[in-house]
Amino acid sequence: MASRAQRRSEAIGAGGAAAKAGGGRALPMALRLLVIVALFLVVADTVVAALRLVQSAPPPVAAGKADLDRAARDARLDAGLIAAIDRLSRAPDEPLDAIELALKVTKPAAKGAAVAKSDDVEAVVGSAAGAQWLAAVKLARQSHQARWSGTLNGPLLYTAMAAPGGRALGRYVVFASEPPAAISQAPAPAIGETRRIGDNLFSLLAPIAIGLLLMLVLARQTRHSREAMQGRIDAERRFRLAVEAARCGVWEWRLDDDTLYMSDVMGAMLGWGGGGVANGDEVIARVAPEHQTRVRQALRDAQAQGGFDVSFHVPVSARGAAWLDVRGQGFGIGENGYASIIGVALDVTDERAAELRAQRAEQRLQYAIESASEAFVLWNRAGRLVMCNQNYRSFFALEPRLVKPGAQHHLVQKVVELAIKTRETVTPGGPRQVETMDGRWLHISERRTADGGLVMTAADITALKTQENALRRNEEALQHAVVKLEENAAQLAELAAQHQAQTVRAEAANQAKSEFLANMSHELRTPLNAINGFSEMMFEEMFGPLGDKRNKGYAADILSSGQHLLALINDILDMSKIEAGKMTLHAEPVVVTEVVEDAMRLIRNRADAAGLTLLVDVMPDPPMVEADYRAIKQVMLNLLSNAVKFTLRGGKITITVDRAIAGDEPERLKVSITDTGIGIADVDLARLARPFEQIESQQAKTQQGTGLGLALTKSLVELHGGALEIKSKPGVGTTVSFTLPTKRGGGQIPVATARSAAA
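Everything numeric in this text was worked out from a predicted model, so none of it was measured.

### Let's talk about the overall build of the protein
Then, number 1: Looking only at helices and strands, the protein features 22 helices and 26 strands.
Then, number 2: Per-residue burial over the protein gives 36% buried out of 759 residues.
Then, number 3: Counted over contacts in the protein with a minimum sequence separation of 6, partners at least 24 positions apart contribute 57%.
Then, number 4: Looking at the protein as shown, the accessible area adds up to about 42,600 Å², and 56% of this sits on carbon and sulfur atoms.

So this is what it looks like as structure tokens:
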């Protein structure tokens, strides 16, 4: 596919050829008029003059062929000049490539080409021996023409055009070619022979011969004129088809009156839908506002220097919105420089969009490379740096100025080698591991790209190396430990046997303790029940007065001590059952308010005697829980007894029943007992709920008890799947709360083992 510059060159070349062909119409038309006039003026006495006139006139066929050859040659030269200038505008530092391309376009019209200034020849190609390039540039500058053609003292014809930058920089593209061949003329017949023919045929054949000859000339000239006209029409059609196929708009901007003449494609690009003539301000108004100043400045530069090259955005065009790449060259001399600029315009919207997508893709790639934890560097096939990330610079302590794009691989590699302390090759020719001077370990991998480049990645494996060394040390320590274990195998076996024996004895002792407690509790309960019963009868004076009032007091003390001793025995027995895993609870629907009322009835007399106030705050319609009624009642009594014990006279005890907020857990009911007693310090809260734990010391005890109440309460609550919580502040009071799930699935409540229940 031809490049855009080549398409523009071919289009302009075809247009130039068409113009030349059109200019060639003047000669055949003059000959036809001459023949028609000669037919009316033919007389017998002008035979010799008419023959001389016909013989002296240039052959029409030869003249037409020479004009066409000259037009084709000029078109090739113009196409080559435009191709070279287009290439130089895109790559000013590559003049040799520009004129090599131009010479290919002009062959065989040009023998050689050069890019030169007034005092220097930058590049020369071709076989134009003895070409005077500097002299040609000098004459082109003095002519003040956009395109100059002329000869020097030699056999070559020079054609020059100002390159981008214009005459201000003195840079020109020059072609050297052979001069166009002179139009050959048919040799005139001898005068004597003509006179003889005239004398012999004057009387009869002269008028007829002259008329036939003139008619033949007229017919041939008419035919050649039609062929030239058809050629011009064909050239114009090819030019139009080429321009339309390439979506290339042709335009001429006349700077003196600020008028733009544009083709149909150019008008469609600017949003008019077709070609025509427009004022410069109207054209500028079609350009995006942010580009209007730049277009005007480019026009002023083109008027002064000749070259016009600008890209701008058209918000409203045939495609809705388009980017145009417009280039042209000044010609003609005006008051302030060039009078007009003629050029072409290409719709580069798709190219712009592709470039934008490529830029965004490159930015995403650059961001991805910079975000990678590994070091990354890419070299091209020539050993030049293409790109690298920050990790590559930091891993090898490379300065930013050293790793700029284009840096040589061997120079950067020397600095990289200085940053490496130790090398370990994993596989020959494959990845390798190195240690840098700062103690970092890197795993380096290199591979070739499809175009012969080189990609290197380096991952930081310092942590893996550290872990590997630690594993190696641990392995050594483990081997040493294995040796020690093997040495102590006999001792361990002996200790295991001793431990087994101790375990058997401990289990036997525990079993004996449980049996002892069960038996002793039974043996103690029988006399205690008798003591409590008879002391209660004596205290109530069921069989009459006891006499002295002190006897009644003694009976009350006996009853109180017996009941206290019986409660302790019951607590010890229950705790023993729980530890042994033999406590069985029977689940049934329990209304907590009923449990609270029963406990309140049993504890109210003690509270009144201690001068305390009992309050109850129960939620409306509390849900029933599946629990062991006796166990929950014992929990309530234990907690209320503790509250009464440690609350001073005038204090208050509040019982609260409400739902517990448990998130996604099943619904739970929360019961809280809050008192205004002496409170508990934070350091003592951790010791509560342990068996036989008491906050008061034995020497300073003010209340009786074994310390089993809270431990037994906590165990019973946990056996129900609940939880016990204690919050207290010295001098303020204590709140003991426990939660119970409302659903347990029915039947007997599973009992945990001794250790889990008492934990």
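### Overview of the sheet that holds strand β6 (residues 248–254)
Then, number 1: If you trace the 6 strands from one edge of the open sheet to the other, you get β8-β7-β6-β11-β10-β9, paired in antiparallel fashion. Two strands close off the open sheet at either side, each with one partner strand: β8 (276–279) and β9 (307–314). Here the strands of the sheet are splayed against their neighbours by 25° on average, with no regard to which way each runs.
Then, number 2: Of the pairings in the sheet, the one linking β6 to strand β7 (residues 259–262) comprises 4 bridges and is antiparallel in character. In the sheet register, W253 faces β7, and the bridge partner there is L260.

### Things to note about the packing of aromatic side chains
Then, number 1: Under the criterion given, the structure shown has 3 aromatic pairs.
Then, number 2: Aromatic side chains W133 and Y158 sit 6.3 Å apart centroid to centroid with 80° between the ring planes, which places their arrangement in the edge-to-face category. Here W133, found in helix α6 (residues 133–143), pairs with Y158, found in strand β4 (residues 157–162); they are 25 residues apart in sequence, far enough to count as distant. For the residue pair W133 and Y158, the accessibility class agrees, reading buried in each case.
Then, number 3: In this structure, R286 packs its charged tip against the face of W272, placed 4.5 Å from the ring centre.
Then, number 4: Between the NZ or CZ atom of R352 and the centre of the ring of W323, over which it lies, the distance is 4.0 Å.

### Description of the nonpolar core
Then, number 1: Judged by nonpolar contacts, the single largest core of 38 residues is most densely connected at M636, I653, I673 and F738.
Then, number 2: When residues of this core are traced back to their parent elements, those giving at least two are α18 (592–609), β21 (625–627), α19 (629–645), β22 (652–660), β23 (668–675), α21 (709–719) and β25 (733–741).
Then, number 3: No other element matches α19, which puts 8 residues into this core.
Then, number 4: Beyond its immediate stretch of four places on either side in the chain, I653 contacts L612, T613, L614, L615, L640, A643, V644, T647, I673, T674 and D675.
Then, number 5: Listed in part, the 25 residues of the second largest apolar core include L299, F312, V314 and A345.

### Focus: the sheet that holds strand β5 (residues 172–177)
Then, number 1: Taken in spatial order, the 5 strands of this open sheet run β2-β1-β5-β4-β3, and their pairing is antiparallel. Since the sheet does not close on itself, it has two edges, and those belong to β2 (121–126) and β3 (147–151), each with one partner. For this sheet, the mean angle separating the axes of adjacent strands, direction not counted, is 15°.
Then, number 2: Summarising the sheet, strand β1 (residues 112–116) and β5 pair through 5 bridges and their orientation is antiparallel. Bridge pairing links G112 to A176 in β5.
Then, number 3: Relative to the sheet, helix α5 (residues 95–106) contacts β1, β2 and β5, its axis offset from that of β2 by approximately 35°.
Then, number 4: Along the sheet, α6 makes contact with β1, β2, β3, β4 and β5, crossing β5 at roughly 120°.

### Quick word on the packing of α19 against α21
Then, number 1: Remark: α19 packs on α21, axes separated minimally by 9 Å, with the N-to-C direction vectors making an angle of 145°. Of the two possible hands of crossing, α19 and α21 adopt the one that is left-handed. Note on element contacts: α21 touches α19 through G709, L710, L712, T713, L716 and V717, opposite A631, Q634, V635, N638, L639 and N642.
Then, number 2: Residue composition of the contact of α19 with α21, by class: 7 nonpolar, 5 polar and no charged.

### Regarding the side chain of T436
Then, number 1: Position of T436 among the secondary structure elements: in strand β15 (residues 432–436).
Then, number 2: Of the residues examined, T436 reaches a relative accessible area of 1% and is grouped as buried.

### Notes on the confidence of the model for the protein
Then, number 1: Counting all residues, the mean pLDDT for the protein is 76, and 74% of those residues have values of 70 or more.
Then, number 2: Below a pLDDT of 50 lies the segment residues 1–27, which in the model reaches 38 contacts outside its immediate sequence neighbourhood of four places, other chains included.
Then, number 3: When the criterion is pLDDT under 50, residues 47–63 qualifies, and its contacts beyond four places in sequence or with other chains add up to 23 contacts.

### Some details on the pattern of salt bridges
Then, number 1: Using the criterion set out here, one finds 20 salt bridges in the structure.
Then, number 2: Among the salt bridges present, the one from E122 reaches K117, with a minimum N-O distance of 3.8 Å.
Then, number 3: On the basis of relative accessible area, E122 is assigned to the partly exposed category, the value being 28%.
Then, number 4: You can call K117 partly exposed: its relative accessible area is 28%.
Then, number 5: Between R601 and D598 there is a salt bridge whose closest N-O contact spans 2.0 Å. Remark: D598 and R601 occur in helix α18; sequence separation between them is 3 residues, near one turn of the helix.
Then, number 6: Judged by relative accessible area, which is 53%, R601 ranks as exposed.

### With respect to a nonpolar patch on the surface
Then, number 1: A contiguous nonpolar surface patch, about 300 Å² in accessible area, is contributed by L485, L492 and L495.
Then, number 2: By secondary structure assignment, the location of L485 is in helix α15 (residues 462–487).
Then, number 3: Classification of L485 by relative accessible area gives exposed; the value is 52%.

Conventions used here
Residues numbered from 1 in each chain as written. Predicted model: local features only at pLDDT ≥ 70, side-chain atom pairs only at ≥ 80, totals over all residues. Heavy atoms only, no water. Helix = DSSP H or I, 4+ residues; strand = E, 2+ residues; numbered from the N terminus. Buried < 20%, exposed > 50% of the residue type's maximum accessible area, 1.4 Å probe, protein only. Contact = heavy atoms within 4.5 Å. Areas by Shrake-Rupley, 256 points an atom, 1.4 Å probe, with all protein chains shown as cover. Pairing = 2+ DSSP bridges. Axes fitted to C-alpha atoms, helices over the stretch in contact; angles between N-to-C directions. Phe/Tyr/Trp six-rings, centres within 6.5 Å; stacked < 30°, edge-to-face > 60°. Lys NZ or Arg CZ within 6 Å of the ring centre and 35° of its normal. Core = buried A, V, L, I, M, F, W, Y, C linked by side-chain atoms within 4.5 Å. Left-handed = near helix turned anticlockwise from the far one by under 90°. Nonpolar A, V, L, I, M, F, W, Y, C, P; charged D, E, K, R; others polar. pLDDT = per-residue confidence, 0-100. Salt bridge = Lys/Arg side-chain N within 4 Å of Asp/Glu carboxyl O. Patch = residues over 30% accessible without salt bridge, like charges linked within 9 Å, V, L, I, M, F, W, Y side chains within 5 Å.

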